[in-house]
Amino acid sequence: MASRRSHLILVGLLLLALVGVALLGVPGSPIKRDLRKGLDLQGGLEIVLQAQPPKGHKLTGEDLDRSVDIMRNRVDKLGVSEPEIRKQDPNQIVIELAGVHNAAEAASLIGKTAQLELYDLETSLVAPSVGAGGVPVASTRLYDLLTRVQARAAKGEPTAYYLFDTKTKRRIAGPAPTLNDLKKDPAVVKQNGGDKNAAFPPEGTKVLQVPAKTAVVTCSASTAVICPGVNLAELPPRQNYFYLFKHDLQAKEPVPQLTGQHLKLSGTRQDFEPTSGQPIVTMQFTKKGNGIFHDVTRDEAIRGSISRNPQHFAIVLDNEIRSFPQIEYDKYPDGIDPTGGGAQITGMKNLDEAKKLALVLQTGALPVNFNTVERTDVSATLGADSLKQARNAALVGLLVVMLFLLVVYRFLGVVAVIGLGIYAAFMYAAILLFNVTLTLPGFAGLVLTIGVAADANIVIFERIKEEARAGKSVRAAIAAGYQKGFHTIVDANVVTCITALVLFAVATAGVKGFALMLLIGTVISLVTAVAATRAMLGLLGGFRWFDNPRFMGAGGGQRGRWLQIDFIGRRNLWLAISAAFLAITIGSLAVNGLNLGIDFRGGTQITFSTPQPVGLSDVRDHARTVGQGDAVIQGRGQSAGEDRYREFQIRTKHLAESAQNRLSSNLRDAYGEDIPLGIKNVSSSFGRQIMRSAILAILFSLVLIVLYITIRFHGIAFAVPVIIAMFHDVLIPLGVYSIFDLEVSASTVAAVLTVLGFSIYDTIIIFDRVRENIPLMRRESFATIANVSLWETIRRSLATSFITLLPVLSLFLLGGDTLKDFAVALMVGITAGAYSSIFIATPLLAMWKEREPEYARRKDSAVVDGLTSDRVLAEAERAAAEAPAPRTPVDEIQEAVAAVAGDGDSEAKRERRRQRRRTRPHGRAR
């Protein structure tokens, strides 16, 4: 009775948690959360940045590649998940962001050059920005400051050019490195009414130059507590002040004295000032930078002690003063040695400002400046029709999984279905609480975790049925099944979590989204399998009507004799089949390669507008008629409702001129001969950085998996076959893509990672049973041990593979063109994973272990045929039933709950006493 009370408490806690989940979606609830979708599901903001190289510098492809990598790092650190970043001919970078609340702020932060410069303030200022005694003088208008130095600017080659309105003195454009760049500035073109060939400068405007070897530096009241030379009692509290600084990095004594090149990016971070608690940004210098900083601050300390006026060290980011701390000459007469302590930027208005400043410094400086030339909304890349198809496919797949569980496991299937419902609710809550951006790669992680969640129940249910067949009561079978199945589930889930954690920590973009979904889903599936279903079965176990093994499909002996074949004895056949497939795969990859899509190779982008709003599905149909059904099609600008737009962009792999003409002709025939239509080349969105980080993460996770399995299974013999099987399962889908010339996209990467996770999980489940049978079958050869372990787990393995394939098959049949290739990769990979776990990993383990002296001495006394396999299996089941079940953390939790509920003698305790009595010499059945 008390045991039932403890289960009731667990069920009550689960119900309270489900109420909390429900409140997350209720409008007006204090904990209401909104689902965050990625670009492929909801669209977002598109920002076009145009490179503006400095004078004398020719823009190169390496400049843009480096800029893309830096921007992607900034977007990831900014918290905007799943960005799409690509180059666009000839000098532009396009960034698409999902779920951005402040578009202007995000655009400025991503495109910030992050050029850090540190000046000896008083000696670096140029008149009229410096007064008597080196005191800074702030100008309230940039127009006034530059007007006073135009005579000086005419004597050398100007550093930069600005365009001003002569009436309002307002800046129209600039700074531009050359006069020609100023003419091409989008603001100047707009000033001329869009005419790029209009007279320059436009009427009513004036060009002002910055003198050679100088730079204009600003100080904003929004980013600095106070600006140099600003006396608020005399000057109005304006937003911006302007200064003219020396700027000559080629001089014998360079100005600025220090730049970002002297900074250690790894040593830059947001921190707090110890005494005041105010947010700051700390910096660490290189060895050379430490020496320069010490020399400059020593000079400032000497000047300060002579003049008795404090000297300052200005920290300038992108020509804007962020702080200018004074050097206390009494405290530091020999200057400041930053070795170990570094330097810090103070004067931050709030913590958010300090974090963003640290972010741009940590990611390094962009090699060239960028201007924002366009910002517009874009639709989801999949489109509403594809989203609807994917949703329907997922629902149908989940329904089929539930039906399968009900048919195979009867009443246990009912419990599993309820457990899956609880899993789905908790997964939804986790996505909301962790603010996960849900994308197609994340959806791939969800598909895998559905299989993992169902498999955890299958592992335990098969264990329960084994215990019931061994003669235990249903209640005792449930207790022993959970106790023995717990370690198996933990091992499989820990290995899966290792892969997910490393992928999340190291990888970027879609790979990170997949890893997060896989990690969350795996943890939640573990909780629901060992807590939710355990509590429900614990309650039901007390009813007399439930105490019938047949009621849960455990009547009779072990079924499936047709599966009791000599897997290990025929290992040469299995390995030969795999070798043949791998040879074909490697040959196809060597000869044909992979059909890399636009995500990897870039391609062609066609933009056009229509007189009337048109649906995305209609545009996709027209693209399909010319063989571009897999193109990425997005609406641009304001939606007219129901996925209808007037502006569109089509991104597809590189099209020959004839193919471009056919597609253009098709669109003009459909929407009018006069529609505006442009064609550009775009680079890949799945950049080298993403691929590099994904490969690094996978390799690192493999090392951790080898270490974990080696420690957990007491030897490397169990780890090596797992790794070999993983490589097999990755190569097979790639070979299918190569042989059938399927297009490889970013979704394919997500599918391959899904296969990786499934392969690990399935193999560990089988190996765990092998490890369990080794001490129970002390006289058998390892081949027999491995065969018995496979016989005991193969129904579970096949059920897991089938149950995971069901939603994927639904995705293939109902998911539409955009998801079919993704589903194909999953189906092939999951099938390969099931095959490798049974026919590759286990035989390889047997081959390795049979070389050990202990197993080499054993003779295989069991010839594997129908009768003998039954005998061996019966012996193994008897030994397993007599072996005491290990204690698990679940037992501790159950007993703690039982103690709170007043249970002095729980079912778990009683079952352990019964097991101890059975294992005593005088009480063991023979």
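Now for a look at the structure at hand. Computed from a prediction, not measured in an experiment: that's the story for all the values here. (Residues numbered from 1 in each chain as written. Predicted model: local features only at pLDDT ≥ 70, side-chain atom pairs only at ≥ 80, totals over all residues. Heavy atoms only, no water.)

**Things to note about the overall build of the protein chain**
Now for step 1: The number of helices and strands found in the protein chain is 28 helices and 25 strands.
Now for step 2: A sequence separation of at least 24 residues applies to 78% of the contacts in the protein chain between residues at least 6 apart.
Now for step 3: Accessible area for the protein chain stands at about 39,900 Å²; split by element, carbon and sulfur atoms hold 58% of it. (Helix = DSSP H or I, 4+ residues; strand = E, 2+ residues; numbered from the N terminus. Contact = heavy atoms within 4.5 Å. Areas by Shrake-Rupley, 256 points an atom, 1.4 Å probe, with all protein chains shown as cover.)

**Some details on the nonpolar core**
Now for step 1: Formed by 111 residues in total, the largest nonpolar core has its most connected members in Leu405, Phe461 and Ile709.
Now for step 2: When residues of this core are assigned to their parent elements, the largest contribution, 19 residues, is made by helix H12 (residues 383–433).
Now for step 3: Ignoring any residue separated from it by four or fewer positions in sequence, one finds Ile709 in contact with Val495, His714, Gly715, Phe718, Ala719, Val722 and Ile764.
Now for step 4: Counting 19 residues, the second largest nonpolar core, distinct from the first, contains Phe293, Ala301, Phe313 and Tyr329. (Core = buried A, V, L, I, M, F, W, Y, C linked by side-chain atoms within 4.5 Å. Buried < 20%, exposed > 50% of the residue type's maximum accessible area, 1.4 Å probe, protein only.)

**Notes on a nonpolar patch on the surface**
Now for step 1: Judged by side-chain polarity, Val396, Val400, Leu809, Leu813 and Leu814 come together as a nonpolar surface patch covering roughly 380 Å² of accessible area.
Now for step 2: Sorting the residues of the nonpolar patch by element identifies H12 and helix H23 (782–814) as the ones contributing at least two each.
Now for step 3: In terms of residue count, the dominant contributor to the nonpolar patch is H23 (3 residues).
Now for step 4: For Val396, the position within the fold is in helix H12. (Patch = residues over 30% accessible without salt bridge, like charges linked within 9 Å, V, L, I, M, F, W, Y side chains within 5 Å. Salt bridge = Lys/Arg side-chain N within 4 Å of Asp/Glu carboxyl O.)

**Overview of the pattern of salt bridges**
Pairing between side chains of opposite charge can happen when the charged atoms of each approach one another.
Now for step 1: A complete count under the given rule lists 8 salt bridges for this structure.
Now for step 2: Across the pair Arg303 and Asp120 runs a salt bridge whose closest N-O atoms are separated by 2.8 Å. Of this pair, Arg303 sits in helix H10 (residues 287–307) while Asp120 sits in strand S5 (residues 116–120), and the two are 183 residues apart along the sequence.
Now for step 3: On the basis of relative accessibility, which here comes to 5%, the residue Asp120 falls in the buried class.
Now for step 4: If you follow the salt bridges from partner to partner, you end up with Asp295, Arg298 and Asp334 in one network.

**Things to note about helix H18 (residues 616–625)**
Now for step 1: The complete set of buried residues in H18 reads Leu616, Val619, Arg620, His622 and Ala623. Along H18, the residues classed as buried sweep out an arc of 160 degrees about the axis, all on the same side. (Arc of directions from axis to C-beta.)

**Overview of the packing of H18 against helix H19 (residues 657–671)**
Now for step 1: Remark: H18 packs on H19, axes separated minimally by 9 Å, with the N-to-C direction vectors making an angle of 140 degrees. One element, H18, and the other, H19, form an angle in the oblique class. Two packed elements cross with a definite hand, and for H18 against H19 that hand is right-handed. Residue-level inspection shows Asp618, Val619, His622, Ala623 and Thr625 of H18 in contact with H19, the latter providing Leu663, Asn666, Leu667, Ala670 and Tyr671. (Axes fitted to C-alpha atoms, helices over the stretch in contact; angles between N-to-C directions. Parallel < 35°, antiparallel > 145°, perpendicular 65-115°, else oblique. Left-handed = near helix turned anticlockwise from the far one by under 90°.)

**Describing the sheet that holds strand S6 (residues 160–165)**
Now for step 1: One open sheet holds the 3 strands; their spatial order is S7-S6-S8, and the pairing between them is antiparallel. At either end of the open sheet lies a strand with only one pairing partner, and these are strand S7 (171–176) and strand S8 (205–210). When the angles between neighbouring strand axes are averaged without regard to direction, this sheet yields 15 degrees. (Pairing = 2+ DSSP bridges.)

**Quick notes on the packing of helix H16 (residues 571–591) against helix H21 (residues 719–739)**
Now for step 1: H21 packs onto H16 with a crossing angle of 50 degrees between their chain directions and a minimal axis gap of 8 Å. What the angle tells us is that H16 and H21 run oblique. Of the two elements, H16 crosses H21, and the hand of that crossing is left-handed. Mapping the contact onto sequence places Ser578, Phe581, Leu582, Ile584, Thr585, Ser588 and Leu589 in H16 and His728, Leu731, Ile732, Leu734, Gly735, Ser738 and Ile739 in H21.
Now for step 2: The class makeup of the residues in the contact of H16 with H21 is 8 nonpolar, 6 polar and no charged. (Nonpolar A, V, L, I, M, F, W, Y, C, P; charged D, E, K, R; others polar.)

**Here's the deal with the pairing of strand S4 (residues 92–97)**
Now for step 1: In terms of burial, S4 is largely enclosed, as 6 of its 6 residues are buried.
Now for step 2: Alternating residues of S4 divide into Gln92, Val94 and Glu96 and Ile93, Ile95 and Leu97, and every residue in both groups is buried.
Now for step 3: Examined bridge by bridge, strand S2 (residues 44–52) and S4 share 6 bridges and lie antiparallel to one another. Bridge pairing in S4 links Gln50 to Gln92.
Now for step 4: Where strand S3 (residues 84–88) lies against S4, 5 bridges are found, and the strand directions are antiparallel. Considered in S4, the bridge of Ile85 is made with Ile95.

**A look at the side chain of Thr297**
Now for step 1: Of note, Thr297 is situated in helix H10.
Now for step 2: Polar side-chain contacts of Thr297 include one of 2.9 Å to the backbone oxygen of Phe293.
Now for step 3: When near neighbours in sequence (up to four residues on either side) are disregarded, Thr297 contacts Phe313, Ile327, Gly335 and Ile336. (Polar contact = N/O pair within 3.5 Å; in protein donor to acceptor, adjacent residues only side chain to side chain.)

**Here we look at H23**
Now for step 1: Over its 33 residues, H23 extends 45 Å from the first C-alpha to the last, a length consistent with the 48 Å expected when each residue adds 1.5 Å.
Now for step 2: In terms of residue burial, H23 counts as a mostly covered element, since 25 of its 33 residues are buried. (Expected span 1.5 Å × (residues − 1).)

**Points about unusual backbone geometry**
Now for step 1: With an omega of -5 degrees, the peptide bond between Phe200 and Pro201 qualifies as cis.
Now for step 2: You can see Pro201 is positioned in the loop between helix H9 (186–191) and S8.
Now for step 3: Following Val255, the chain continues to Pro256 via a peptide bond in cis, the omega torsion being 5 degrees.
Now for step 4: Structurally, the position occupied by Pro256 is in the loop between strand S10 (240–246) and strand S11 (258–259).
Now for step 5: Positioned with a positive phi, Asp318 is a non-glycine residue whose angle comes to about 50 degrees.
Now for step 6: Of note, Asp318 is situated in the loop between strand S14 (311–317) and strand S15 (320–323).
Now for step 7: Asp318 gets classed as partly exposed once you look at its relative accessible area, which sits at 22%.
Now for step 8: The backbone of Asp741 shows a phi angle near 55 degrees, a positive value even though the residue is not glycine.

**Observations concerning the pairing of S2**
Now for step 1: The element S2 is extensively covered by neighbouring structure, given that 8 of its 9 residues are classed as buried.
Now for step 2: Here 9 bridges tie S2 to strand S18 (residues 369–378), and the two strands are oriented antiparallel to one another. Along S18, the bridge assignment pairs Gly44 with Val378.

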